[in-house]
Amino acid sequence: MSRRLNVALANFGVPKYGATLVGEIVYPNPSSQYSSHAYQCHPAACNYGCSFFNESQPPFRIEKKPGMHYIMLLDRGPRDHTGLPRPCYFIDKAYHAQMAGADALLVVNDNLGDLSTAVAPKDEDSTRELSQTAISAGLISQTDGDTIKGLLQKGPVSVALNWTDLMPKASKVEWEFWTNSNDECGAMCDKQKRFVKVCEARIACCLCCVGCRLLHPSLCYLRPRSCHVLQDFKPIAEARNQQGG
């Protein structure tokens, strides 16, 4: 069987813009019904990904085969983080999944609500993990997650993550550039005028620049209409059961 899934991409990691990634789902879990082994993690269960997987019993690491990619499936939470040094953030899950050999991460929502963009906190540990996380991570619905878990109990499952629809379809990019009216005078006016001059000269280079920070929100507002490399898109994931066709 096959099924299309919506994914709310995290605002960290490295999505494969304009490309696809087909990978086999890996779901480390205390129950052996999802894989050949049961894995025990402490203080939170392995399916949450709150700690390094090489600390589990037995130690878990993805055994990669040539030409294969692997997408880790983890659960959101736990809501009760008693015993954990801090709440189990999305960035923690992504970093631990990457260290275990995953090429991407899908986190299953723990309620039936709408999907939201995962944001990394700004504490020291998260900043360090953020700088070292290079895989794509996203949130899927509880219903879609349950479907994948059900397929896993029957055999291997592959998921295709598709970012090809996120690239501009037109060769011309439209944008709007706003500044204030410069009602104030003096040094602040001169500073803003210099900023506008530089901004106008370089604006085209920034339209589709991932992570571009040239525009200061208090001085400039850029609204691209055809630039699709934005953090709040919803890529399409397709899950297939390899035994079921």
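Here's a quick rundown of the structure.

What counts as what
- Residues numbered from 1 in each chain as written.
- Predicted model: local features only at pLDDT ≥ 70, side-chain atom pairs only at ≥ 80, totals over all residues.
- Heavy atoms only, no water.
- Helix = DSSP H or I, 4+ residues; strand = E, 2+ residues; numbered from the N terminus.
- Polar contact = N/O pair within 3.5 Å; in protein donor to acceptor, adjacent residues only side chain to side chain.
- Contact = heavy atoms within 4.5 Å.
- Salt bridge = Lys/Arg side-chain N within 4 Å of Asp/Glu carboxyl O.
- Buried < 20%, exposed > 50% of the residue type's maximum accessible area, 1.4 Å probe, protein only.

1. Looking at the side chain of Ser-56
Tracing the backbone shows Ser-56 in the loop between strand S3 (20–26) and strand S4 (70–75). Among the polar contacts listed, one links the side chain of Ser-56 to the backbone oxygen of Phe-53, at a separation of 2.8 Å. A distance of 3.2 Å separates the side chain of Ser-56 from the backbone nitrogen of Phe-60, its partner in a polar contact. Setting aside residues no more than four positions away along its own chain, Ser-56 makes contact with Tyr-39, Gln-40, Cys-41 and Cys-46.

2. A short note on the pattern of salt bridges
If you walk through the whole model with that rule in mind, you get six salt bridges. In this structure, the salt-bridge partner of Asp-103 is Lys-64, at a minimum N-O distance of 3.0 Å. Here the residue Asp-103 occupies a position in the loop between helix H1 (90–99) and strand S5 (104–108), and Lys-64 occupies one in the loop between S3 and S4, the gap between them amounting to 39 residues. Residue classification places Asp-103 among the buried residues on the basis of a relative accessible area of 18%. Asp-110 is the salt-bridge partner of Arg-79, the closest N and O atoms lying 2.7 Å from each other. Here Arg-79 is found in the loop between S4 and H1, whereas its partner Asp-110 is found in the loop between S5 and helix H2 (124–132), with 31 residues between them in sequence. In this structure Asp-110 comes out as partly exposed when scored by relative accessible area, which is 26%.

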